[in-house]
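Architecture and fold: a report
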Amino acid sequence: MIGFLRGQVAALKTDYCLLDVNGVGYRVFVAGSTRNKLRLKEETQLFTYMNVYQDGITLYGFASEEEYDIFQLLIGVSGIGPKVALGILSAITVDGLCKAIQNKQATVLTKLPGIGKKSAERLILELKDKVGFAADGDDEVLTLEMEGPLGDDMISEAQAALVALGYSQAEIAPILKKATKCKSTEEIIKLALKQLNKF
């Protein structure tokens, strides 16, 4: 089992990076929150989970032990695999997720990618006694991650597309608030990308 990798970021893609560790390039799949901390040609350390299955081996990497630990808890829940768990961590902060689970906020959980009503109920049932969240600012974290007119189909579709491109909800939320005059999903995405690429 590979516990962590330390090396230079040789390539940075939408959902994975190539980490050059002493001349060996490891493909490591990462959540948006971790991806946002990586910089090309810079050295980094990722805590890793190695998923061994019939057709191969996949590595998942995390910038913090906290994120790694919650990933481990998520994949321990029936019906949630590594890809879904990674999608969840791209869509909400660790504290926001833990608060939603502890407070039994199924409506928040069902807005996460790959999580339906039954999966949300399983998350609450199996993890409510295993997770915690920061007492300071936790309301702000959850509000920041999940606020916005998520019921609007265009906004929801644009949000999902931007998360898939590796942007975090913290980056997306304030921009989507300004997209109320847009007339299509494509227009919202173009506006968001224009704003995001300014930074």
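Rules behind the numbers
Residues numbered from 1 in each chain as written. Predicted model: local features only at pLDDT ≥ 70, side-chain atom pairs only at ≥ 80, totals over all residues. Heavy atoms only, no water. Helix = DSSP H or I, 4+ residues; strand = E, 2+ residues; numbered from the N terminus. Buried < 20%, exposed > 50% of the residue type's maximum accessible area, 1.4 Å probe, protein only. Contact = heavy atoms within 4.5 Å. Areas by Shrake-Rupley, 256 points an atom, 1.4 Å probe, with all protein chains shown as cover. Salt bridge = Lys/Arg side-chain N within 4 Å of Asp/Glu carboxyl O. 1 Å grid on protein atoms, 1.4 Å probe; cavity = no way out; pocket = protein on both sides within 12 Å on 5 of 7 lines; lining within 4 Å. Points joined across faces, edges and corners; volume = space filled by probe spheres on them. Nonpolar A, V, L, I, M, F, W, Y, C, P; charged D, E, K, R; others polar. Phe/Tyr/Trp six-rings, centres within 6.5 Å; stacked < 30°, edge-to-face > 60°. Lys NZ or Arg CZ within 6 Å of the ring centre and 35° of its normal. Axes fitted to C-alpha atoms, helices over the stretch in contact; angles between N-to-C directions. Parallel < 35°, antiparallel > 145°, perpendicular 65-115°, else oblique. Left-handed = near helix turned anticlockwise from the far one by under 90°.

**Some remarks on the overall build of the protein chain**
Counting its secondary structure elements, the protein chain contains 10 helices and five strands. Considering the protein chain as a whole, with its 199 residues, one finds that 43% of them fall into the buried category. For the protein chain, long-range pairs separated by at least 24 residues make up 56% of all intrachain contacts whose partners lie at least 6 apart in sequence. When the accessible surface of the protein chain is totalled, it reaches about 10,700 Å², and 50% of it is carbon and sulfur.

**Observations regarding the pattern of salt bridges**
A complete count under the given rule lists one salt bridge for this structure. One salt bridge connects D129 with K128, and the closest N-O pair in it is separated by 3.6 Å. Residue class for K128 comes out partly exposed when judged on its relative accessible area of 27%.

**Let's talk about the layout of surface pockets**
A volume near 350 Å³ is recorded for the largest pocket. Every residue lining the largest pocket is counted, 20 residues in all, and those nearest its centre are D15, K83, L86, G87 and S90. The set of elements that each furnish at least two residues to the lining of the largest pocket consists of β3 (24–30), α1 (32–35), β5 (56–62), α3 (82–91) and α8 (153–164). Of the residues that constitute the lining of the largest pocket, the class distribution is 10 nonpolar, seven polar and three charged.

**Regarding the packing of aromatic side chains**
Counted under the stated rule, the structure contains six aromatic pairs. With a centroid separation of 5.6 Å and 55 degrees between ring planes, the pair formed by Y16 and F29 is classed as tilted. With Y16 in strand β2 (residues 16–21) and F29 in strand β3, the pair connects residues that are 13 residues apart, well separated along the chain. A residue is classified by how much of its surface remains accessible, and Y16, at 18% relative accessible area, is buried. With 6.0 Å between their ring centres and 65 degrees between their planes, F62 and Y68 make a pair best called edge-to-face. Here F62 matches Y68 in class, with each residue buried. Clustering of aromatic rings is evident, with ring pairs tying together Y16, F29, Y49, Y60, F62, Y68 and F71. Directly above the ring of Y16 sits R27, whose terminal nitrogen or CZ lies 5.0 Å from the centroid.

**Side note on the packing of helix α2 (residues 65–75) against helix α4 (residues 94–102)**
Packing of α2 against α4 brings their axes to within 10 Å, and their N-to-C directions diverge by 40 degrees. One way to sum up the angle between α2 and α4 is to call them oblique. Along this stretch, α2 crosses α4, giving a crossing that reads as left-handed. Between α2, through E66, E67, I70 and L74, and α4, the contact on the second element is made entirely by V94, D95, L97 and C98.

**Thoughts on α3**
For α3, a buried count of eight out of 10 residues is recorded, marking the element as mostly surrounded by other parts of the structure. Along α3, the residues that are buried comprise P82, A85, L86, G87, I88, L89, S90 and A91.

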